[in-house]
Structure formats: structure tokens, C-alpha cells
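Notes for the structure review
Read off the chains here:
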Amino acid sequence: MAKRILVVEDNDLNRKLFCDVLRSQGFAVEPVADGLDALERAREFVPNLVIMDIQLPNVSGLDLIEAAKKDTVLRTIPVLAVTAYAGKGDEERIREAGAEGYLAKPVSIGPFMQAVRALL
């Protein structure tokens, strides 16, 4: 059975790119555009990995990661954080929130797939 990946990304082009690349590699993908829907969709979809944009409207990806890590159903699911705002200290804050992986945008396909496979 294909590994399941939840992609939480508000940017339509990035979300489509991530999903297309993952599907081409045989993964089952569930895209989520609105971070407010992310945790509920994760509980329904039960992914093997969550790819989480940090800069989302309405809610921070950091807050979503922290909430997922406190949730008894979601806490064991690894999170790969992706962000365009990769400033000093950002990776540390993101990892402290509970993300197991971190990539700065723009994301290249090779390192992206390497990070995905490492967390699965």
C-alpha cells in the first residue's frame, strides 16, 4: 500500500508541485490549502508524513505542529516543515515545535524527495 502524505500549503503552485512530485513517486497525497483544516484532515486521512508550510493565513504552521505533537492520534506522525522565511533561528524554533524535518523554499526536487524518504 502506498505511503500517505498530507500536504499543508496555501500557495496553489507550491501545493500542486509538491502533490504532483509525490504522486509521480507513488505516494497517496491529500492536499490541504487552509491550515485551519489541517489537523482534522490529518485525523481523517491518517498520513505517514505531514508536509507543513510554516507561513499560512489564519494559523501558523508552528502552532499546527505543536498542536499535532500534543494530539494522541497525530503525535507520532513525522512533520517536514517547509518555509520561505528561513531566517536565523527559524530552523531551531521549527524543530523545537516538533518538526522532524526542515526545508527552506524554494525547494529543489532532489533534496525534497530525499527529506521525504528520510522521514518515511
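Conventions used here
Residues numbered from 1 in each chain as written. Predicted model: local features only at pLDDT ≥ 70, side-chain atom pairs only at ≥ 80, totals over all residues. Heavy atoms only, no water. Helix = DSSP H or I, 4+ residues; strand = E, 2+ residues; numbered from the N terminus. Rg over C-alpha atoms; globule rule 2.2 N^0.38 Å. Buried < 20%, exposed > 50% of the residue type's maximum accessible area, 1.4 Å probe, protein only. Contact = heavy atoms within 4.5 Å. Areas by Shrake-Rupley, 256 points an atom, 1.4 Å probe, with all protein chains shown as cover. Lys, Arg positive; Asp, Glu negative; His and termini not counted. Charge placed at Lys NZ, Arg CZ, Asp CG, Glu CD. UniProt positions renumbered as here; feature names shortened; annotations may be inferred. Core = buried A, V, L, I, M, F, W, Y, C linked by side-chain atoms within 4.5 Å. Salt bridge = Lys/Arg side-chain N within 4 Å of Asp/Glu carboxyl O.

1. Some thoughts on the overall build of the protein
Each helix and strand in the protein was counted, giving five helices and five strands. Going residue by residue from the N terminus, the α and β elements of the protein occur as β-α-β-α-β-α-β-α-β-α. Relative to the globule expectation of 14 Å for 120 residues, the C-alpha radius of gyration of the protein, 13 Å, shows essentially globular dimensions. Within the protein, the fraction of its 120 residues that count as buried is 48%. Residue pairs at least 24 apart in sequence account for 61% of intrachain contacts in the protein once pairs closer than 6 positions are excluded. Only carbon and sulfur atoms are counted for the fraction: they give 51% of the accessible area of the protein, which is about 6200 Å². In the protein, the 15 positive side-chain charges and the 18 negative ones have mean positions that sit 5 Å from each other.

2. Describing the side chain of D90
Along the chain, D90 falls in helix α4 (residues 90–97). Among the residues examined, D90 registers a relative accessible area of 14% and is labelled buried. Apart from residues lying up to four places away in sequence, D90 is in contact with Y85 and Y102.

3. Thoughts on the UniProt feature "modified residue: 4-aspartylphosphate" (unreviewed entry) in the protein
Sequence positions flagged by UniProt for "modified residue: 4-aspartylphosphate" (unreviewed entry) are, in local numbering, D53. Mapped onto the fold, D53 is located in strand β3 (residues 49–53). For D53, a relative accessible area of 2% gives the class buried. If near-sequence neighbours (up to four positions away) are discounted, D53 is found in contact with V8, E9, D10, G61, V82, T83 and K105.

4. With respect to the nonpolar core
L6, V8, V50, M52, L64, I65 and I94 are the most contacted members of the largest nonpolar core, which totals 24 residues. For this core, the elements supplying multiple residues, two or more each, are β1 (4–8), α2 (38–45), β3, α3 (61–70), β4 (79–83) and α4. Apart from the residues within four sequence positions on either side, V8 is in contact with V32, G35, A38, V50, I51, M52, D53 and L56. If you look at the next biggest cluster of nonpolar residues, it comprises 19 residues, including L49, L103, M113 and L119.

5. Focus: the pattern of salt bridges
Pairs can form between side chains of opposite charge whenever their charged atoms are close. Inspection of every chain in the model, using the stated rule, returns nine salt bridges. Salt-bridge contacts for R93 lead to D90; the nearest nitrogen and oxygen are separated by 2.1 Å. Residue R93 and its partner D90 are both found in helix α4; the two are separated by three residues, about one turn of the helix. The partner of R95 in a salt bridge is E91, and the shortest N-O contact between them spans 2.9 Å. Residue R95 and its partner E91 are located together in helix α4, separated by four residues, close to a single helical turn. Under the relative-accessibility criterion, R95 is labelled partly exposed at 38%.

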